[in-house]
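Breakdown of the fold
One letter stands for each residue in the lines below.
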Amino acid sequence: SDDKHVLSIQSHVTHGYVGNKAATFPLQLHGFDVDAINTVSLSNHSGYPVIKGHRMDLEEFNTIMEGLRANDFLSDYAYVLTGYINNRDIVQQVAATVTEIREARQKQGKKDVVFFCDPVMGDDGRLYCKEEVVEAYRELLSHADVATPNYFEASILSTVEVKDLASAIEAANWFHTQGTPTVVIKSFAMADDPTHLRFLLSYRDKATGSTKRYTGVVPYHEGRYTGTGDVFAASLVVFAHSDPMDLAVGKAMGVLQDLIKATIERGGSGNATLSSRELRVTSYPDQLQHPSSVALVTPLP
Ligand code: ATP
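Let us look at the structure shown here. No experiment lies behind these values; they were computed from the predicted model shown.

1. Notes on the overall build of the protein chain
- Secondary structure assignment for the protein chain yields nine helices and twelve strands.
- What you see for the protein chain is a C-alpha radius of gyration of 18 Å, in line with the 19 Å of a compact globule of 301 residues.
- Counting every position in the protein chain, which comprises 301 residues, the buried fraction comes to 50%.
- Taking as baseline every contact in the protein chain between residues at least 6 positions apart, the subset at least 24 positions apart corresponds to 67%.
- Accessible surface, the protein chain: about 13100 Å² in total, of which carbon and sulfur atoms supply 50%.

2. Things to note about the side chain of Thr82
- Checked against the element boundaries, Thr82 lands in strand β4 (residues 79-82).
- You can call Thr82 buried: its relative accessible area is 0%.

3. Here's the deal with unusual backbone geometry
- One non-glycine residue, Asn86, lies in positive phi territory at about 50°.
- Mapping Asn86 onto the fold places it in the loop between β4 and α3 (88-107).
- One non-glycine residue, Thr159, lies in positive phi territory at about 65°.
- As for its placement among the helices and strands, Thr159 is situated in the loop between α5 (151-158) and α6 (165-178).
- You can call Thr159 exposed: its relative accessible area is 66%.

4. A short note on the pairing of strand β9 (residues 182-190)
- Counting buried residues along β9, seven of its nine residues qualify, which places the element largely inside the surrounding structure.
- Relative to β9, strand β8 (residues 146-147) is paired through two bridges, and the arrangement is parallel. From the neighbouring strand, Val146 faces β9, where its bridge partner is Thr182.
- Pairing geometry for β9 and strand β10 (residues 193-204), over seven bridges, is antiparallel. By the bridge assignment for β10, Val183 is matched with Ser202.
- Count of turn residues in the β9/β10 antiparallel hairpin: two residues.

5. Things to note about the packing of aromatic side chains
- Summed over the entire model, instances satisfying the criterion amount to four aromatic pairs.
- Pairing Trp174 with Phe175 gives two aromatic rings, centres 5.0 Å apart and planes at 90°, and the pair type is edge-to-face. Like Phe175, Trp174 is buried.
- Among the aromatic side chains, those forming a connected cluster through ring pairs are Phe32, Tyr79 and Phe116.
- Directly above the ring of Tyr17 sits Lys21, whose terminal nitrogen or CZ lies 5.1 Å from the centroid.
- The residue whose ring lies beneath Lys212 is Tyr214, and the NZ or CZ to ring-centre distance is 5.5 Å.

6. Observations regarding the pairing of β4
- The two faces of β4 match: Tyr79 and Leu81 on one face and Val80 and Thr82 on the other face are all buried.
- Alignment of strand β1 (residues 5-13) against β4, held across four bridges, turns out to be parallel. Each bridged residue has a counterpart across the sheet, and for Val6 the counterpart in β4 is Tyr79.
- The pairing of β4 with strand β5 (residues 114-117) spans four bridges and is parallel. Counted as the bridge partner of Tyr79 is Val114 from β5.
- Handedness of the crossover is the feature at issue here: the chain leaves β4, passes through α3, returns alongside β5, and the resulting connection is right-handed.

7. Quick notes on the site of the ligand
- Neighbouring residues of the ligand: 20 residues in total, closest Glu153, Lys186, Ser187, His221 and Thr228.
- Backbone polar atom of Gly223 to a nitrogen atom of the ligand: 3.4 Å apart, as the coordinates give it.
- Here an oxygen atom of the ligand sits 2.6 Å away from a polar atom, N or O, in the side chain of Thr228.
- If the ligand stood free it would expose 630 Å²; the protein chains cover 93% of that surface.

8. What to know about the pattern of salt bridges
- According to the stated counting rule, one finds ten salt bridges in the structure shown.
- The partner of Asp3 in a salt bridge is Arg105, and the shortest N-O contact between them spans 3.2 Å. Here Arg105 lies in helix α3 and Asp3 lies in the segment before β1, a separation of 102 residues in the sequence. For the pair Asp3 and Arg105, a shared accessibility class is recorded, and that class is buried.
- One salt-bridge network, in which partners are shared between bridges, spans Arg88, Asp89 and Glu132.

9. Some thoughts on the sheet that holds β1
- Pairing is mixed across the open sheet formed by ten strands, whose spatial order is β3-β2-β1-β4-β5-β8-β9-β10-β11-β12. This sheet does not close on itself; its edge strands, each paired only once, are β3 (53-55) and β12 (298-299).
- Where β10 meets strand β11 (residues 211-219), nine bridges bridge the pair, whose relative direction is antiparallel. Looking at the pairing, His196 lines up with Pro219 of β11.
- Along the sheet face, α6 touches β8, β9, β10 and β11 and points at about 30° away from the line of β10.

How each quantity is defined
Residues numbered from 1 in each chain as written. Predicted model: local features only at pLDDT ≥ 70, side-chain atom pairs only at ≥ 80, totals over all residues. Heavy atoms only, no water. Helix = DSSP H or I, 4+ residues; strand = E, 2+ residues; numbered from the N terminus. Rg over C-alpha atoms; globule rule 2.2 N^0.38 Å. Buried < 20%, exposed > 50% of the residue type's maximum accessible area, 1.4 Å probe, protein only. Contact = heavy atoms within 4.5 Å. Areas by Shrake-Rupley, 256 points an atom, 1.4 Å probe, with all protein chains shown as cover. Pairing = 2+ DSSP bridges. Phe/Tyr/Trp six-rings, centres within 6.5 Å; stacked < 30°, edge-to-face > 60°. Lys NZ or Arg CZ within 6 Å of the ring centre and 35° of its normal. Right-handed = clockwise from strand over helix to strand, strands pointing away. Near = heavy atom within 4 Å. Polar contact = N/O pair within 3.5 Å; in protein donor to acceptor, adjacent residues only side chain to side chain. Salt bridge = Lys/Arg side-chain N within 4 Å of Asp/Glu carboxyl O. Axes fitted to C-alpha atoms, helices over the stretch in contact; angles between N-to-C directions.

Here it is in structure tokens:
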């Protein structure tokens, strides 16, 4: 096997593209097997006026895990990817899940599992989870290999307000201290250039303690798009499978640019209805595989 197998722990929505609905297609396009655990099963994302459905509790999560364990599937997972969970008990349990997968793979002489943790908690100054979930993520991040917070999540977790490159670096340092070697703060607005969003990739070598940082920008598109972080994290898994992390970040940024532009072209500009602003995840499969641009990811001195 070439190890393209992901356990993806995220939301499911009937309508639209967030969580597993947004992450599965890009991963599958690149030949990944995606074993999805749906932490919630809802009609649509929480931006809409009405939201109906079911939320998983710890017992249900453990029941699914029991099935995966009993059939010996756990050692299959070269990657664990977590997104929207919004349940303290399940966030806590994921640490044990990753450890169990790690041990199952070790026993079979397989490569170590890589855990991508997107600590999905909120956006643009609005926290949509309880403080106990924030606490649980702080602990879980010590088990993560890669964290992909948005600027708001990075701020909440680190208590450093991310508002420029210097504060982003400081926030990323908190993640490293917590035990996450690779952190991508996916975007933050810059006061001196409102036409772009900046991002930070920060890597700390656990053995030497030395830190290598990279940054870059992408053009800013007016308006809010939901599910961008989920497609980003999935694309990062895809590209980091074969490319170095800085190039993988650049490619994942390129995928999001194409996807947002495609969404705008099809009527989903910044102030259009929520439904028309759902990311057009299935419209341009070629661009999900080969983004038309790759963001420059420049090492910081
Ligand atoms: P999560 O809640 O999953 O952590 P998010 O969707 O809030 O993530 P963002 O940083 O807003 O995270 O978006 C992820 C990526 O999508 C960014 O790195 C950027 O490439 C792209 N993106 C999102 N919104 C815009 C926008 N308005 N203009 C340009 N690019 C955007």
